[in-house]
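# Close look at the chain arrangement
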Amino acid sequence: MVKPFTPSIRLLASDIDGTLLNPQFQISEDDLNALRRAHAAGIEIVLVTGRRHTFALPIARQLGFDFWVISSNGAVTRSLSGETFHRNLMPREICRELCGAMQAFRGNTVLTFDKETRGAIVLEHLDDLNASIRRWLEKNMPFIEFVVPIENALASDPVQAMFCGSMTRMSEALQALEGSGIGNRVTILRTEYPVRDLSMIDVLNAGCSKGHALERWAAHRGFRREQVMAIGDNHNDVEMLEFAGHPVIMGNACEELRGRGWSVTLGNDQCGVAAALADVVSG
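Residues numbered from 1 in each chain as written. Predicted model: local features only at pLDDT ≥ 70, side-chain atom pairs only at ≥ 80, totals over all residues. Heavy atoms only, no water.

### Here we look at the overall build of the protein chain
- A tally of regular secondary structure across the protein chain gives 9 helices and 14 strands.
- Relative to the 2.2 N^0.38 estimate, which gives 19 Å for 283 residues, the radius of gyration of the protein chain is 19 Å and therefore close to what a compact globule would have.
- In terms of overall dimensions, the protein chain has a C-alpha envelope of 60 × 40 × 35 Å along the principal axes.
- Put simply, the protein chain has 283 residues, and 57% of those count as buried.
- Taking contacts inside the protein chain between residues at least 6 apart in sequence as the whole, the part at least 24 apart equals 60%.
- By element, 49% of the accessible surface of the protein chain is carried by carbon and sulfur atoms, the whole surface being about 12,200 Å².
- Charged side chains of the protein chain number 28 positive and 34 negative; the gap between the two group centres comes to 4 Å. (Helix = DSSP H or I, 4+ residues; strand = E, 2+ residues; numbered from the N terminus. Rg over C-alpha atoms; globule rule 2.2 N^0.38 Å. Buried < 20%, exposed > 50% of the residue type's maximum accessible area, 1.4 Å probe, protein only. Contact = heavy atoms within 4.5 Å. Areas by Shrake-Rupley, 256 points an atom, 1.4 Å probe, with all protein chains shown as cover. Lys, Arg positive; Asp, Glu negative; His and termini not counted. Charge placed at Lys NZ, Arg CZ, Asp CG, Glu CD.)

Now the structure itself:
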């Protein structure tokens, strides 16, 4: 039986945490070399992450070539040199209403803003955040401002609101969000790491996701979805994988991503990105 013709991959979109980064939070040498070979072969690379742009840069710069990063789960698309292609911010009025509706989770609430000074990350206190997210906050301490009440930080539109905590606590937060009536005016995305008992709920502007941002970027660059490969591992990667003509999930992917008929590569502890690219770029 003759295989149907498949256009070559022109754009590769890779998630960072749980995908490109191994369990030691490093890019394995094989993955790094695979991405460099893909770039040399003319495939455009874009990293698509839930991280803030600035927090993604140390990872992105290791690749050794210039490209664009879709950060904050699709809210910001920006080059390594700082040129902005698109921003999709949450209206501050909706964010203020969200904070009010989620009073019981005030200690789990983090707001982020698109600036690179103190106040880029805002929260009321650290008391209710678990150890995993506290490590992230400690790395970002130069950007953190403590504001009580947190609504007082909303002098401008935020990139997003984020609720962080244990799996159990964030399951309760998700139920509260669903019961708040605000869900049809925002996008709610989950990222979960059960082994670390860490769950993050990202609340962004309506229509904002990794998938929408990748679709917008592919159209801008003139790539059809059949020419796009996307690699991811978590709930917040679903829309990106649904858009891509060649969706690939990591061997360590969460249960929600399985059973959809998507290709499965090796885990992030076995250089899954390099394995996914093995048939695309030889050498």
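What follows picks up the thread again.
### Here's the deal with the side chain of Gln160
- Here Gln160 is to be found in strand 9 (residues 160-165).
- Of note is the side chain of Gln160, whose polar atom sits 2.5 Å from the side chain of Asp202.
- In contact with Gln160, not counting residues within four places along its chain, are Ser72, Met90, Val110, Leu111, Thr112, Asp202, Val203 and Leu204. (Polar contact = N/O pair within 3.5 Å; in protein donor to acceptor, adjacent residues only side chain to side chain.)

### A look at the nonpolar core
- Counting 32 residues, the largest nonpolar core has Leu12, Leu35, Ile45, Leu63, Phe67 and Ile231 as the members making the most contacts within it.
- Listing elements by their share of this core, those giving two or more residues are helix 1 (16-20), helix 2 (29-40), strand 2 (44-48), helix 3 (53-60), strand 12 (228-232) and helix 9 (272-277).
- Excluding residues that lie within four positions of it along the chain, Ile231 makes contacts with Leu12, Ala13, Ser14, Asp15, Thr19, Met240, Leu241, Val248, Met250, Val273 and Ala276.
- Counting residues in each nonpolar core, the second largest holds 24 residues, with Met102, Leu111, Phe113 and Ala161 among its members. (Core = buried A, V, L, I, M, F, W, Y, C linked by side-chain atoms within 4.5 Å.)

### Quick word on the pairing of strand 12
- Within strand 12, 5 of the 5 residues are buried, which leaves the element mostly enclosed by the surrounding structure.
- Alternating residues of strand 12 divide into Val228, Ala230 and Gly232 and Met229 and Ile231, and every residue in both groups is buried.
- Sheet topology places strand 1 (residues 11-14) next to strand 12; 4 bridges connect them, and they run parallel. Looking at the pairing, Leu12 lines up with Met229 of strand 12.
- Pairing geometry for strand 12 and strand 13 (residues 246-249), over 4 bridges, is parallel. Each bridged residue has a counterpart across the sheet, and for Gly232 the counterpart in strand 13 is Ile249.
- What joins strand 12 to strand 13 is helix 8 (residues 238-243), and the crossover it makes is right-handed. (Pairing = 2+ DSSP bridges. Right-handed = clockwise from strand over helix to strand, strands pointing away.)

### A closer look at the sheet that holds strand 2
- Ordered in space as 5-4-3-2-1-12-13-14, the 8 strands form an open sheet in which the pairing is mixed. The sheet is open, and its two edges are formed by strand 5 (84-87) and strand 14 (263-264), each paired on a single side.
- Sheet topology note: the strand 2/strand 3 (residues 68-71) ladder contains 3 bridges and is parallel. Across the sheet, Leu47 pairs through a bridge with Val69, a residue of strand 3.
- Sheet strands in contact with helix 3 are strand 2, strand 3 and strand 4 (76-79), and its direction is about 140° off that of strand 3. (Axes fitted to C-alpha atoms, helices over the stretch in contact; angles between N-to-C directions.)

### Points about helix 4 (residues 92-101)
- Of the residues making up helix 4, those classed as buried are Ile94, Cys95, Leu98 and Cys99. Angular distribution of buried residues about the axis of helix 4 spans 140°; they occupy a single face of the element.
- Tucked inside the fold, the buried residues of helix 4 contact strand 6 (109-112), strand 9, helix 6 (167-179), strand 10 (186-193) and strand 11 (198-205). (Arc of directions from axis to C-beta.)

### Overview of the side chain of Thr49
- Within the secondary structure, Thr49 is located in the loop between strand 2 and helix 3.
- With sequence-adjacent residues up to four places away left out, Thr49 is seen in contact with Asp15, Ile16, Asp17, Ala56, Val69, Ile70, Ser71, Ser72, Asn73 and Lys210.

### Side note on the state of the cysteines
- In this structure the tally under the stated criterion is 0 disulfides.
- Cysteine Cys95 shares no disulfide, and the gap to the nearest cysteine sulfur, in Cys99, comes to 4.4 Å. (Disulfide = S-S within 2.5 Å.)

### Side note on the confidence of the model for the protein chain
- For the protein chain, mean pLDDT is 94; residues scoring 70 or higher make up 97% of the total.
- Note on residues 1-6: pLDDT under 50 across the span, and 1 contact to partners over four residues away in sequence or across chains. (pLDDT = per-residue confidence, 0-100.)

### Focus on helix 7 (residues 210-221)
- If you check helix 7, its first and last C-alpha atoms are 16 Å apart, about what 12 residues at 1.5 Å a residue would give, namely 16 Å.
- Three or more residues of helix 7 are buried, namely Lys210, Gly211, Ala213, Leu214, Trp217 and Ala218. Along the axis of helix 7, the buried residues cluster in a sector spanning 160°; they form a single face.
- Two residues or fewer past helix 7, Gly222 is found with a positive phi of approximately 80°. (Expected span 1.5 Å × (residues − 1).)

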